[in-house]
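Each chain, letter by letter, is given below.
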Amino acid sequence: MHAVPTIEHIREILWNDDGGIAEIYNHLIYRFEESGIIARAYLDDPDKVSIMAVGPVPDPVLAYLKDRFWRIDQIGAQGYRTIWTA
């Protein structure tokens with residue numbers, strides 16, 4: 001059985017000092033309320049998702065993400081590391 005997240009689409013534009021665009025972040029946030037897990041997928045890299053939680057990830061959350069992405073990274077003490085690839 002898969003976990004079912006709420007999904008939020010966020011597009012942030014960061015401006016530089018002269019009024020030009022410095023960066024654009026266009027991403028989806030997956031919130032798995034039951035486990036408290038949050039994952040982020042940038043739309044310019046649609047095959048990868050990053051889990052924004054340290055520690056074990058519940059199997060239903062992993063199953064959901066594995067069905068949608070080819071690579072799953074997770075934040076840890078040393079930064080991000082890949083925990084699964086298709």
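Before reading further, recall that the structure is shown in the block above.
What comes next concerns the included structure. (Residues numbered from 1 in each chain as written. Predicted model: local features only at pLDDT ≥ 70, side-chain atom pairs only at ≥ 80, totals over all residues. Heavy atoms only, no water.)

**Focus: the environment of Gly20**
The following threshold applies: Each helix corresponds to a stretch of at least 4 residues labelled H or I by DSSP, and each strand to a stretch of at least 2 residues labelled E; elements are numbered beginning at the N terminus. Note on contacts: a residue pair is in contact if any heavy atoms of the two residues lie within 4.5 Å.
Note that Gly20 resides in the loop between strand E1 (6-15) and strand E2 (21-32). Discounting residues that sit within four places of it in the chain, Gly20 has contacts with Leu14 and Trp15.

**Focus: the packing of aromatic side chains**
Keep this limit in mind: The rule is short: rings of Phe, Tyr and Trp, with Trp giving its six-membered ring, pair when the centres are within 6.5 Å, and they are stacked under 30 degrees, edge-to-face over 60, tilted in between. Here the term buried applies to any residue with accessible area under 20% of the maximum for its type, exposed to any over 50%, and partly exposed to those in between, with areas from a 1.4 Å probe on protein chains only.
Under the defined criterion, the tally for this structure stands at four aromatic pairs. Ring centres of Tyr30 and Phe69 lie 5.9 Å apart, and the angle between their planes is 85°; this geometry places the pair in the edge-to-face category. Within this pair, whereas Tyr30 is found in strand E2, its partner Phe69 is found in the loop between helix H1 (59-66) and strand E5 (71-76), the two being separated by 39 residues in sequence. Of the residues examined, Phe69 reaches a relative accessible area of 5% and is grouped as buried. An angle of 80° between the planes, with centres 5.6 Å apart, marks the rings of Phe32 and Tyr64 as edge-to-face. Highlighted residues: Phe32 in strand E2 and Tyr64 in helix H1, separated in sequence by 32 residues. On the accessibility criterion, Phe32 (3% relative accessible area) is buried. With relative accessibility at 9%, the residue Tyr64 sits in the buried group. Ring-pair connections join several aromatic residues into one group, and the members of that group are Tyr30, Phe32, Tyr64 and Phe69.

Remember, this is a structural readout, not a statement about activity or role.
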